[in-house]
Amino acid sequence: MSVNYIKNFYEGCRKPPTVIGQFHTLFFGSVQTFVLGVLGFAVYRNEALHFSCDPDKREINLFCYNQFRPITPQVFWALQLVIVLVPGAIFHLYAACKSINQECILQKPIYTVIYILSVLLRISLEVIAFWLQIHLFGFQVKPLYLCDATSLREKNNIITCMVPEHFEKTIFLIAMYTFTVITTVLCVAEISEIIFRRLCSLI
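Overview of the structure.

### Topic: helix 7 (residues 109-137)
For helix 7, spanning 29 residues, the distance from its first C-alpha to its last is 41 Å, which sits close to the expected 42 Å at 1.5 Å a residue. Among all positions of helix 7, only Tyr111, Thr112, Tyr115, Ile116, Ser118, Val119, Arg122, Ile123, Glu126, Ala129, Gln133 and Phe137 are buried. A positive phi of about 70 degrees marks glycine 138, the residue just after helix 7.

### With respect to the pattern of salt bridges
For the structure on display, the rule yields 5 salt bridges. A salt bridge links glutamate 165 to lysine 169; the shortest N-O distance between them is 3.8 Å. Relative accessible area serves as the criterion here: at 0%, lysine 169 is assigned to the buried category. Arginine 197 is the partner of glutamate 193 in a salt bridge, and the nearest nitrogen-oxygen pair spans 3.2 Å. Highlighted residues: glutamate 193 and arginine 197, both in helix 8 (residues 166-202), separated by 4 residues, approximately one helical turn. We classify arginine 197 as partly exposed; its relative accessible area is 36%. Look at the salt bridges and you will find they share partners, linking Glu47, Arg69, Glu165 and Lys169 into a network.

### Describing the nonpolar core
Residues Phe51, Trp77 and Cys161 are the most contacted members of the largest nonpolar core, which totals 30 residues. Leaving out residues up to four positions away in the same chain, cysteine 161 has contacts with Phe51, Ser52, Cys53, Cys64, Pro143, Leu144, Tyr145 and Cys147. Membership of the second largest hydrophobic core comes to 13 residues, among which are Phe91, Ile123, Cys187 and Ile191.

Reading guide: rules and limits
Residues numbered from 1 in each chain as written. Predicted model: local features only at pLDDT ≥ 70, side-chain atom pairs only at ≥ 80, totals over all residues. Heavy atoms only, no water. Helix = DSSP H or I, 4+ residues; strand = E, 2+ residues; numbered from the N terminus. Expected span 1.5 Å × (residues − 1). Buried < 20%, exposed > 50% of the residue type's maximum accessible area, 1.4 Å probe, protein only. Salt bridge = Lys/Arg side-chain N within 4 Å of Asp/Glu carboxyl O. Core = buried A, V, L, I, M, F, W, Y, C linked by side-chain atoms within 4.5 Å. Contact = heavy atoms within 4.5 Å.

So, in C-alpha cells, the structure goes:
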C-alpha cells in the first residue's frame, strides 16, 4: 500500500491536473533549477574570496562581506525553490493518501477548492520571496560597497570594498526576478484555467 502512495504522490507532483500546471512543473523544476545550479554556481562560487576592501585585511574582508551578504543568493534562491514547492507537495501527498486520481481533482468541487488554495499559497510565497529578494539584493550590484566598520574600531568608520563581477551578478539578479514573475503569472494562469474548465463543465 505504501508503494502505491509513493507512486501516486510522484505522479501527482510530476503531472499536475492542469496543462499550465504541467508547464509550470517543467519550467520551475527543470529550467530554473538548471539556471540556479549551473549558472548561479559559476557566478557566485568565489565571491567571498574575491571580495576585497581597503585596507585589505582578512578580518575586514570577512566582516564587510557578511555585512554585504547577510545571506548568499544561492542559499536564498535554493530555499525559495524548496519552500514554494511545499504547498503543491502537501496537496499531492493528501491526494495520494486519499487515493484521489488527478482526473478527479477538477471534477469534485472540494478537491478543486483545496487545489486552488494550494496554488494561492504558492503565489503568496512567490510574492514574499520577491519582496525579500528586493530587500536583500536590490536590482543592481554596484562595483563598490561602503562598509560600516564602526564596530571594528578602525581609523576609518566607512571602508570601501570592491565587488567582483558586479555586472554579471546584476544580470543574474534580473534573470531570477524574471523567473519569479514568470512562475507567479503561471500560477495565476493555472487558477484561470481551472475556473474556465469548471465553467465549461457546467454549461
